[in-house]
Amino acid sequence: MIESMIQFILAGLTSGAIYALVGLGFSIIYNASHVINFAQGEFIVIGGMSTVALLAAGVPLPLAIVLATLVTMLVGLALARFAIQPAKDADVVALIIITIGASIFLRGVVQLVFGKDIHSLPAFSGETPLNLMGATLMPQSLWVMGISSALIVVIAWFFNATLAGKAMLATAYNALAARLMGVDTKWVLLSAFALSALLGAVGGIVVTPITFVSYESGIMLGLKGFSAAVLGGLGNGVGAVAGGLILGIVEAMSAGYLSSAYKDAIAFIIILVVLVVRPNGLFGKKGIDRV
Amino acid sequence: MSLLKVTNLTKSFGGVSAIRDLSFTIEAGTIHSIIGPNGAGKTTLFNLITGVYTPSSGSVRFNDREVGGVEPHKLAELGMNRTFQNLQIFHNMSAVENVMVGAHLHLRKGLLHSMLRLPSLARSERETREQCWELMDFVGLAQYRHTEASAMSYGALKRLEIARALAAKPKLLLLDEPAAGLNDTETREVDEVIKRIAAQGITVVLVEHDMKMVMGISDHILVLDYGAKLAEGTPAEIRSNPDVIAAYLGTVG
Amino acid sequence: MTSMLPSALRLPPALHRHRGLIILAALIAVLPLALRNDYHYDVVINAGLNAIVVVGLNLLIGYAGQISLGHAAFFGLGAYVSAILTTTYGWPALGAMATGIVVVGIVAYVIARPILRLKGHYLAMATLGIGVIISIVLNTEAQVTGGPDGMSAAPFTVLGYTFASEQSWYWLVGGALLLTVWLSTNLIDSPIGRALRALHGAEIGARVVGIDTTRYKVLIFVISAMFASFAGSLFAHHTPTVTPSILGFIKSVEFVVMAVFGGMASVMGSVVGAFIMTLLPNVLAAFEDFEPIILGGIMMGTMIFMPKGLVPTIAKKLRRKEAP
Ligand SMILES: Nc1ncnc2c1ncn2[C@@H]1O[C@H](COP(=O)(O)OP(=O)(O)O)[C@@H](O)[C@H]1O
Ligand SMILES: [Mg+2]
């Protein structure tokens, strides 16, 4: 009883950690530009796929990881520069279409370059399960949780303690004021995309040994990340991380106790209920229309 | 019985009170002006009266009915309407359609009726358009009958909002700085329009910085400062009120 | 809707309002001359069905300014209600279709009341979630819906006449599309339509002059869902099998793309958008591997270079040329 519960929580934390990374990526970009980047899930795929390809080409794993992350960040920069910046003043619907278009475009590129097969990576430190109070845990899950936590801590430090991070936060709060104070908001947008791409790529790389990767896996992961960000309150980093973990655990519990077919549906039902009760997410502030 | 009765009204945003413990009444058939420096809380007061904001505490009674926090469209049904300092124009429509939206309350809105465009609807649409054109003439926008709202000047849009509010046939009309940004000729035209509106028996509440206009047109003036009442009375009383003179030193002409 | 044309050239109001409808009717009448085989007919029929959904969706997105990333669910729900009622329960096709429209209307109403209070991305999330939930339910309840394999509807029979040939379907769908366009055009140019456009243009302004904006958002959400259900029912009878793929997130996105590409707040734009985006994959079939790249590229390009969409952008260009 208790063992299966722990088992589900561990599974939930593993996928939740990835949702948290993707959700954090959504929030960072949202803060910098008020854009919801539906191509966020593709960063995961590009990160995972590039690592697989590099590894197959004989590049050692650590180097492959670094190179794949850089490739993904370049893609993120290109997306910001060529698709988002030219449309900065478009309305919400137009921006949604642009980023969905970008995700379809990137999916097409991935399919062309890497093919339609499902790929995997070897686990970083073997496949011998660990035992945790009667529940089993794959070592790779520890990698996922460890690396995600480390990244989240680094991101938190970046935004709270570095000048660059504070400039990005200032832009989120009031773009005009930030610009007047000398912050280069163009630079902020590019950095936000690069940073989100980095989060996605690393998440994709660590999770590929568990979930595998194909050109299509970005769709659901992107939606889950978006859900995590909305659940927590758009633009709220802590909220996105909490939202991701909640989502992961809810899913794992529903799959375990209720029905695995309905796990995604239950996750979305919970999000809807939260939004109905709190229209700006769990941690979002209530807005008031000024006239 | 007064038309509008505000009692101990307070609105705070976070810790800051934009309206503080404010009480006053407005009698039917008068022109009532509210003046005060920028940030005094005049627009906030309008937002509270018209249901855009919910009061933090206190009461607003309209026609002897408590209306604090009641939704704006219900207040419009009860006979309240307004214009905005920072325009709320429907830029995706023509000028006359903007005014026709104001007439919405008085039109038949059946779904099938509309989708099938029954002859009765076509007729009522034609009549409404005619009436709204006349309202545009009334506020001095005759030459904009066939213009898109997005192609009109700021001054014209200010008057378009007045026409739109009139189309709803209000009992109480609140005008938030109708002459701001207008030149002298336009300001005089708006002054005339307000007098003619009042002559029709519509009670007008006016927020305006143009003191000449306010002093000339008002039956009653309320002076706000930091969200609270500084003074109240007829134009003559306000002009000679020492507190007002101190606050407005040199600006009352 | 005032025209920029000099008054001498202005059509009588009723004709002016429906000039798009008249052009569309003429196109539908002559298009068969260019259709060579059943495959051509099939593509055009599907384009017409998509256009019905998109015209309805554009009432919501383009006119009222509210997004839905879940409309395929209503299309699919209509399709499944028709398929299930006409086969499992042997209902007549029109009865099943009407039931589908009513059921979808009720579902949309129940959903709309709470979620249409949400704004922007939160509304996008909520509608997306609804779509995903409905799609999972239909996928999973295999005893009723056939699950991932799908199911077929009975042939479409009305008053003893069965629509069997592609030609007969062409005229049926053509008529249905014209009806949809006519109803929508009338609605937009009515007090209700003005209320919708007003709440898009300036929501607080609309509320203060007396428009119950929540009520109108709910109303148009329900109506656009019912149009989708109507098209879904027709689709169910026309397609060999109804499968859950027709109501997933991707399909919902396709509908939105058609509306936005053709032109927001433009009924004819919706029709044009639906036709081009339905035909495109068939045209691109030769470059199968490049299809998503081209599709994604078009989506980004349109929004960057003509954010108002195809038809309004072209119409504006033409009008500018006409003006002296
Ligand atoms: N929605 C709001 N949120 C926070 N503060 C507000 C809001 N609306 C008004 N205020 C504040 O209330 C005060 C009064 O503003 P306002 O009513 O616009 O003044 P006035 O119209 O007299 O110039 C100002 O300090 C303004 O910043
Ligand atoms: Mg003001």
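No experiment lies behind these values; they were computed from the predicted model shown.

Student: Got a minute to help me understand the site of ligand 1 in this structure?
Tutor: The local shell around ligand 1 holds 13 residues, among which Gly39, Gly41, Lys42, Thr43 and Thr44 of chain B are the closest. Near ligand 1, the surrounding residues are drawn from chains A and B. One of the backbone N or O atoms of Lys42 of chain B is found 2.8 Å from an oxygen atom in ligand 1. At 3.0 Å, a side-chain N or O of Tyr53 of chain B approaches a nitrogen atom of ligand 1. Its free accessible area being 560 Å², ligand 1 has 73% of it covered by the protein chains. With 3 residues, helix α1 (residues 42-49) of chain B is the largest single contributor of residues to the shell around ligand 1. Looking at side-chain class alone, the shell around ligand 1 contains 6 nonpolar, 5 polar and 2 charged residues.

Student: Which parts of the structure should I look at to understand the coordination of the magnesium ion (ligand 2)?
Tutor: A four-donor tetrahedral metal ideally has 109.5 degree angles, and a six-donor octahedral metal ideally has angles of 90 or 180 degrees. Coordination of the magnesium ion (ligand 2) by the protein comes from Thr43 of chain B (OG1) and Gln85 of chain B (OE1), over a distance range of 2.0 Å. Here Gln85 of chain B lies in the loop between β6 (80-82) and α3 (95-102) and Thr43 of chain B lies in helix α1, a separation of 42 residues in the sequence.

Student: What is the right way to read the pairing of strand β4 (residues 57-62) of chain B from this model?
Tutor: Residues in a regular strand project their side chains so that they alternate between the two faces of the sheet. All names here are of chain B. With 5 bridges joining them, strand β1 (residues 4-13) and β4 adopt antiparallel strand pairing. Pairing of Val6 across the sheet is with Val60, part of β4. Strand direction decides the pairing type here: β4 and strand β5 (residues 65-66), joined by 2 bridges, are antiparallel. Bridge assignment links Arg61 to a residue of β5, and that residue is Glu66. Remark: 2 residues form the turn of the hairpin made by β4 and β5, two consecutive strands paired antiparallel; Asn63 in that turn has positive phi of roughly 55°.

Student: When you look at the sheet that holds β5 of chain B in this model, what are you seeing that I'm missing?
Tutor: Paired through their backbone hydrogen bonds, the strands of a sheet run either parallel or antiparallel. Residue and element names in this part refer to chain B. The antiparallel open sheet is built from 4 strands, whose spatial order is β2-β1-β4-β5. Of all the strands in the sheet, just β2 (16-26) and β5 have a single pairing partner and so form its edges. Lying on the sheet, α1 is in contact with β1, β2 and β4; it crosses β2 at an angle near 65°.

Student: Before we go on, may I ask you to explain the packing of aromatic side chains in this structure?
Tutor: By the definition in use, this model includes 15 aromatic pairs over all chains. Plain terms: the ring middles of Phe158 of chain A and Phe159 of chain A are 5.2 Å apart, the flat faces sit at 75° to each other, and that makes the pair edge-to-face. Classification of Phe159 of chain A as buried rests on a relative accessible area of 13%. Put simply, the rings of Phe156, Tyr161, Phe163 and Trp169 of chain C pair up and form one aromatic cluster. Above the face of the Phe138 of chain B ring, Arg196 of chain B is positioned so that its terminal group lies 4.8 Å from the ring centre. For the cation-ring pair, Arg215 of chain C lies above Tyr216 of chain C, with the distance from its terminal atom to the ring centre recorded as 5.1 Å.

Student: Hey, could you run me through the environment of Thr162 of chain C in this one?
Tutor: For Thr162 of chain C, the location among the structural elements is in strand β2 (residues 161-163). Sequence-distant contacts of Thr162 of chain C, defined by excluding residues within four places in its chain, comprise Pro155, Phe156 and Thr157 of chain C.

Student: It is not clear to me how the interface of chain C and chain B should be interpreted in this structure. Could you clarify?
Tutor: Frequently, the measure chosen for interface size is the accessible area removed from exposure when the parts meet. Tallying the contact residues gives 33 residues for chain C and 35 residues for chain B. Summing the contributions of chain C and of chain B, the shared interface buries around 3,100 Å²; its carbon and sulfur component is 60%. Where chain C packs against chain B, one counts 2 salt bridges. Linking chain C to chain B there are 8 residue pairs in polar contact (both at pLDDT 80 or more).

Student: In this structure, what is going on with the sheet that holds strand β7 (residues 172-176) of chain B? I would like to understand it.
Tutor: Residues and elements named next belong to chain B. On the basis of which strands lie adjacent, the open sheet formed by 6 strands has the order β6-β7-β8-β3-β9-β10 and mixed pairing. Among the strands making up the open sheet, the edge pair consists of β6 and β10 (228-233). Across the sheet, the mean angle separating the axes of adjacent strands is 20° when strand polarity is ignored. Strand direction decides the pairing type here: strand β3 (residues 31-35) and strand β8 (residues 203-207), joined by 4 bridges, are parallel. The residue bridging Ile31 from the neighbouring strand is Val204, located in β8. The strands touched by helix α6 (residues 154-167) within the sheet are β6 and β7, with β7 carrying the most contacts at an inclination of about 165°.

Student: I keep staring at the interface of chain C and chain A and nothing clicks. Help me out?
Tutor: Taken residue by residue, the interface counts 41 residues in chain C and 48 residues in chain A. On the chain C side of the interface with chain A, the three residues burying the most area are His121, Tyr122 and Met125 of chain C, jointly 20% of the side's total. At the boundary of chain C and chain A, one finds 0 salt bridges. Sorting the residues of the side of chain C that touches chain A by element identifies α5 (93-115), α6 (120-140), α12 (249-262) and α14 (291-305) of chain C as the ones contributing at least two each. Of all the elements, α6 of chain C adds the most residues to the side of chain C that touches chain A, at 13 residues. Of the residues in the side of chain C that touches chain A, the class split is 32 nonpolar, 5 polar and 4 charged.

Student: Just checking my understanding: could you explain the nonpolar core for this structure?
Tutor: Nonpolar side chains in soluble globular proteins generally cluster together in the buried interior. In this structure, Ile28, Phe38 and Ile98 of chain A together with Leu128 and Leu234 of chain C are the most contacted members of the largest nonpolar core, which totals 197 residues. When near neighbours in sequence (up to four residues on either side) are disregarded, Leu128 of chain C contacts Phe38, Leu223, Phe226 and Phe268 of chain A together with Leu69, Gly70 and Phe249 of chain C. With 39 residues, the next largest nonpolar core counts Ala103, Phe138, Ala149 and Leu175 of chain B among its residues.

Student: What am I meant to see in the pattern of salt bridges here?
Tutor: Think of it this way: side chains of opposite charge can pair up when their charged atoms draw near. Throughout the structure, instances matching the rule amount to 18 salt bridges over all chains. In this structure, Lys224 of chain A engages Glu251 of chain A in a salt bridge whose closest nitrogen and oxygen atoms are separated by 3.0 Å. Placement of Lys224 of chain A in helix α9 (residues 218-232) and of Glu251 of chain A in helix α10 (residues 237-258) is noted, with a sequence separation of 27 residues between them. Taken as a pair, Lys224 of chain A and Glu251 of chain A share a single burial class, namely buried. The shortest N-O distance in the salt bridge between Arg159 of chain B and Glu189 of chain B comes to 2.7 Å. With a gap of 30 residues between them, Arg159 of chain B in helix α6 and Glu189 of chain B in helix α7 (residues 184-199) connect regions that are remote in the sequence. For Glu189 of chain B, a relative accessible area of 34% gives the class partly exposed. Several salt bridges converge on common partners, so that one network encompasses Lys224, Glu251, Lys263 and Asp264 of chain A.

Parameters at a glance
For every chain, the first residue of the written sequence is number 1, and numbering continues from 1 onward in sequence order. Throughout, the order in which chains and ligands are written sets their labels, letters from A for the former and numbers from 1 for the latter. Selection of residues for local features in this predicted model requires a pLDDT of at least 70, selection of side-chain atom pairs for listing and counting requires 80 or more, and totals for whole chains, interfaces and linings are taken over all residues. In computing side-chain properties, one takes all heavy atoms of the structure into account and sets aside hydrogens as well as water. Summary of the distance rule: residues count as near a molecule or strand when at least one heavy atom falls within 4 Å of that molecule or strand. Side-chain atoms alone can form a polar contact between residues adjacent in sequence; in general such a contact is a pair of N or O atoms within 3.5 Å, and within protein one must be able to donate a hydrogen while the other accepts it. Only the protein chains shown count as cover for residues, and the accessible areas themselves come from Shrake-Rupley with a 1.4 Å probe. Per the convention used, a helix needs a DSSP run of H or I reaching at least four residues, while a strand needs a run of E reaching at least two, with both numbered from the N terminus. For this classification, the nonpolar set comprises Ala, Val, Leu, Ile, Met, Phe, Trp, Tyr, Cys and Pro, the charged set comprises Asp, Glu, Lys and Arg, and every other residue, Gly included, is treated as polar. In this description, a donor is an N, O or S atom within 2.8 Å of the metal centre, a cutoff extended to 3.2 Å for sodium, potassium and calcium. Water is not part of the atom list, which can make sites seem incomplete. We call two strands paired when DSSP finds no fewer than two bridges between them. Contacts are assigned to residue pairs with any non-hydrogen atoms lying within 4.5 Å of each other. With axes taken as lines fitted to C-alpha atoms, and helix axes fitted only over the stretch in contact, angles between N-to-C directions fall between 0 and 180 degrees. Centres within 6.5 Å are what make two rings of Phe, Tyr or Trp a pair, Trp counting through its six-membered ring; a difference in plane orientation under 30 degrees is then read as stacked, over 60 as edge-to-face, and the rest as tilted. Buried, partly exposed and exposed residues are distinguished by accessible area as a fraction of the type maximum, computed with a 1.4 Å probe on protein chains only: under 20%, between the cut-offs, and over 50%, respectively. Charge-over-ring contacts are defined here by two conditions on Lys NZ or Arg CZ: a distance within 6 Å of the ring centre and an angle within 35 degrees of the ring normal. In short, buried area is how much 1.4 Å probe accessible area vanishes from two parts on joining, totalled over both. Here, a salt bridge means any side-chain nitrogen of Lys or Arg that lies within 4 Å of a carboxyl oxygen of Asp or Glu. Among the buried residues, those of types Ala, Val, Leu, Ile, Met, Phe, Trp, Tyr and Cys that are joined through side-chain atoms within 4.5 Å form a nonpolar core.

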